[in-house]
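# Survey of secondary and tertiary structure
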Number of protein chains: 2
Amino acid sequence: MLTVSTVNVNGLRAAAKKGYVEWLAAAEADVVCLQEVRAEREQLPDHVVAPDGWHAAFAPAADKGRAGVGVLSRAEPTSVRVGFGDPEFDTSGRYLECEYDSLIAASVYLPSGEVGTPRQAEKERFMGAFLLHLTRLRQRAEAAGKEVVVAGDYNIAHTEADLKNWKGNQTNSGFLPEEREWFSRLLDGAGYVDVQRSLQPEGPGPYSWWSYRGKAFDNDAGWRIDYVLASPGLAAKAVEARVERAPSYDKRWSDHAPVTAVFDWPWL
Amino acid sequence: MLTVSTVNVNGLRAAAKKGYVEWLAAAEADVVCLQEVRAEREQLPDHVVAPDGWHAAFAPAADKGRAGVGVLSRAEPTSVRVGFGDPEFDTSGRYLECEYDSLIAASVYLPSGEVGTPRQAEKERFMGAFLLHLTRLRQRAEAAGKEVVVAGDYNIAHTEADLKNWKGNQTNSGFLPEEREWFSRLLDGAGYVDVQRSLQPEGPGPYSWWSYRGKAFDNDAGWRIDYVLASPGLAAKAVEARVERAPSYDKRWSDHAPVTAVFDWPWL
DNA sequence: CTTCAGATG
DNA sequence: CATCAGAAG
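Here we summarise the structure given alongside this text. (Residues numbered from 1 in each chain as written. Chains lettered and ligands numbered in written order. Predicted model: local features only at pLDDT ≥ 70, side-chain atom pairs only at ≥ 80, totals over all residues. Heavy atoms only, no water.)

## Points about the sheet that holds strand E5 (residues 79-82) of chain A
Residues and elements named next belong to chain A. Across the sheet, 6 strands lie side by side as E5-E6-E7-E8-E10-E9; this open sheet has mixed pairing. Every other strand in the sheet has two partners, leaving E5 and strand E9 (193-194) as the edge strands with one partner each. With 2 bridges joining them, E9 and strand E10 (residues 226-230) adopt antiparallel strand pairing. Paired with Val193 across the strands is Ala230, a residue of E10. In this fold helix H5 (residues 118-144) packs onto E5, strand E6 (95-99), strand E7 (103-109) and strand E8 (147-153), with an angle of close to 5° to the strand it touches most, E6. With respect to the sheet, helix H6 (residues 177-189) is in contact with E9 and E10, its orientation differing from that of E10 by roughly 25°. (Pairing = 2+ DSSP bridges. Helix = DSSP H or I, 4+ residues; strand = E, 2+ residues; numbered from the N terminus. Contact = heavy atoms within 4.5 Å. Axes fitted to C-alpha atoms, helices over the stretch in contact; angles between N-to-C directions.)

Structure representation (structure tokens):
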């Protein structure tokens with residue numbers, strides 16, 4: 001069995017004080033992809049960085065207190081790489097890849113974007129370069145006979161089933177037509193599988209992010225923007241996918257909830 | 001009876017969430033001088049600014065989120081003045097004076113200073129101008145037949161009895177020889193009385209401020225830097241002075257504790 | 001160690 | 001409505 005979880009922790013220092021540590025201890029995952037760590041390894045206590053039994057790789061952003069991704073795994077990776085080869089994003093704390101004997105696992109955090117600002121252009125540059133990378137990653141993995149999982153916060157809801165207020169968000173970053181088309185290309189073009197949606201074709205939801213503003217969480221006015229994408233061979237072994245909203249997530253320690261996929265596959 | 005309290009709240013917004021409101025409700029004071037309000041009136045709910053039965057005057061700093069003093073009183077002041085006539089400090093949120101029929105009450109917050117920096121020079125400029133003001137204030141009050149109380153955070157410990165580690169602080173701002181001499185001039189020169197020390201000649205303490213760093217509060221490693229200074233006629237009526245450290249202050253809502261003086265004097 | 005402002009999400 | 005950095009105390 002291989003269990004992969006992904007969660008945007010919105011600041012690991014804050015999350016660790018509110019319930020992240022307890023969640024991880026109870027999670028029984030094999031690989032955990034983190035986004036928005038917003039800290040360097042040295043700023044965190046050891047038991048938060050890598051609790052007993054875990055190996056941890058981190059890719060902080062050059063800009064202190066921003067972004068930052070990590071991969072925790074019960075097995076030690078045979079290699080770790082930071083960034084995907086685009087100099088603009090290599091030190092932006094947005095991509096980290098860990099390789100194991102039969103698996104490549106990556107954590108990704110897309111820029112959140114904002115229409116009409118340079119941040120949307122940055123997001124689009126990231127999207128272009130990242131799609132290319134994901135295509136090459138599949139080729140590399142196939143040549144090595146490995147499966148691939150790329151989990152993280154994509155900051156894009158794919159279809160109308162992936163956010164509560166889709167009508168009101170058609171001109172907002174995160175649900176723009178070009179963003180949704182790009183996400184389709186990750187699936188139909190690059191050949192990855194959205195594990196949650198493949199097991200659960202019907203929406204709406206389950207959502208993985210709710211704004212802290214207003215009563216969005218209580219009203220389940222959320223977005224599904226955190227995904228476990230898997231190579232087809234691995235996705236075929238998927239037996240479960242869930243958003244860990246409740247009851248395991250009733251004490252909220254991030255604005256995102258963990259997303260977990262379970263594969264009936266002996267990864268070690 | 002006239003009861004005057006002074007307290008540096010270290011951010012009234014934070015203090016109000018931690019116990020200030022309950023303290024004030026139980027305090028049975030007539031006049032309360034606040035320092036480090038660190039907010040404008042509009043940033044605070046009405047029940048914090050002026051609970052039922054209180055009148056409130058505030059003098060925020062031009063620099064948002066810094067300094068700021070206030071005077072609460074059960075009687076409405078007949079006049080309120082902000083600053084003491086020195087342009088450098090008039091909008092610095094460090095002095096506020098309220099006049100009543102038979103009393104002038106002021107709240108003061110001296111710059112904290114730091115040896116070897118411009119902040120120490122600023123503190124010294126404040127000290128010079130403020131001593132002059134206090135001298136004139138006594139003259140003005142005497143001419144009007146009123147008593148005076150000037151309460152606040154002076155950021156100076158007067159004698160060796162006024163801080164735990166006096167030996168180690170002789171070259172630090174707050175216990176410099178020139179600061180201690182200046183404080184003596186407030187008493188012997190301008191003719192004010194340190195009410196707490198007059199009622200309680202023996203030290204050490206009681207301290208009114210403990211650093212948040214380390215275990216200073218638990219070890220009572222504090223400083224007495226918050227004072228109620230009174231004109232001699234009023235000071236002669238003093239019947240009690242206390243630092244409200246415990247038990248009324250066991251849930252700490254500031255790094256300073258309230259200092260209270262009680263006068264057997266019918267101020268209204 | 002704590003406050004707040006300001007940037008970011 | 002949160003997180004974090006940085007300045008101040």
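Having seen the model, we can carry on.
## Quick word on the pairing of strand E1 (residues 2-8) of chain A
All names here are of chain A. Extensive coverage of E1 is indicated by the burial of 7 of its 7 residues. Residues of E1 alternate between two faces, with Leu2, Val4, Thr6 and Asn8 on one and Thr3, Ser5 and Val7 on the opposite face, all of them buried. In the sheet, E1 pairs with strand E12 (residues 259-263) via 5 bridges, with the strands oriented antiparallel. If you follow Thr3 over to E12, its bridge partner there is Val262. (Buried < 20%, exposed > 50% of the residue type's maximum accessible area, 1.4 Å probe, protein only.)

## With respect to H6(A)
Residue and element names in this part refer to chain A. Here H6 is 13 residues long and its end C-alpha atoms lie 17 Å apart, about the 18 Å a rise of 1.5 Å per residue gives. On its buried face, H6 sits against H5, E9 and E10. Where H6 ends, the next residue or the one after it, Gly191, has phi of about 85°, a positive value. (Expected span 1.5 Å × (residues − 1).)

## Focus on the pattern of salt bridges
Using the criterion set out here, one finds 30 salt bridges over all chains in the structure. Linked through salt bridges whose partners overlap, the residues forming this network are A:Arg81, A:Glu97, A:Glu99, A:Arg140 and A:Lys146. (Salt bridge = Lys/Arg side-chain N within 4 Å of Asp/Glu carboxyl O.)

## Let's talk about the protein's contact with DNA strand D
Around DNA strand D, a shell composed of 18 residues is seen, among which A:Arg38, A:Tyr212, B:Arg66, B:Arg119 and B:Arg213 lie nearest. When the atoms of DNA strand D within 4 Å of the protein are sorted by group, sugar and phosphate make up 78%. Within the backbone of A:Ala14, one N or O atom sits 3.4 Å away from a phosphate oxygen of DNA strand D. Between a base oxygen of DNA strand D and a side-chain N or O atom of B:Arg213, the distance comes to 2.8 Å. With 4 residues, helix H1 (residues 12-18) of chain A is the single largest residue contributor to the surface near DNA strand D. (Near = heavy atom within 4 Å. Polar contact = N/O pair within 3.5 Å; in protein donor to acceptor, adjacent residues only side chain to side chain.)

## Section: the protein's contact with DNA strand C
Not every one of the 17 residues close to DNA strand C is listed here, only the nearest: A:Arg66, A:Arg119, A:Arg213, B:Arg38 and B:Tyr212. Restricting the count to atoms of DNA strand C within 4 Å of the protein gives a sugar and phosphate share of 81%. In this structure, A:Arg213 approaches DNA strand C through a side-chain N or O atom, which is 3.0 Å from a base nitrogen. Contacts to DNA strand C include B:Arg13, whose side-chain N or O atom sits 3.0 Å from a phosphate oxygen.

## With respect to the side chain of A:Arg94
All names here are of chain A. With respect to the helices and strands, Arg94 occurs in the loop between helix H4 (87-90) and E6. One buried charge, Arg94, has no salt-bridge partner; the nearest side chain with opposite charge is Glu122, at 4.5 Å. There is a polar contact of 3.3 Å between the side chain of Arg94 and the backbone oxygen of Leu110. Excluding residues within four positions of it along the chain, Arg94 makes contact with Ala67, Val69, Ser107, Val108, Tyr109, Leu110, Pro111, Glu122 and Phe126. (Lys, Arg positive; Asp, Glu negative; His and termini not counted.)

## What to know about the environment of B:Asp162
Residue and element names in this part refer to chain B. Mapped onto the fold, Asp162 is located in the loop between strand E8 (147-153) and helix H6 (177-189). Judged by relative accessible area, Asp162 falls into the buried class, the value being 0%. Once the C-alpha coordinates of Asp162 and Gly222 are considered, the two residues, 60 residues apart in sequence, prove to be 8.4 Å apart. For Asp162, the residues in contact, after removing those within four places along its chain, are Ala157, Arg197, Tyr207, Trp223, Arg224 and Tyr227.

## A few points about the sheet that holds E12(A)
Residues and elements named next belong to chain A. With mixed pairing, the 6 strands of this open sheet are ordered in space as E3-E4-E2-E1-E12-E11. Looking at which strands have only one partner, the edges of the open sheet turn out to be strand E3 (55-59) and strand E11 (238-243). Taking each pair of neighbouring strands and ignoring which way they run, the sheet shows an average axis angle of 10°. Along the sheet, helix H2 (residues 20-27) makes contact with E1, strand E2 (31-35) and strand E4 (69-73), crossing E2 at roughly 155°.

Scope: geometric values only; no functional claims are made or implied.
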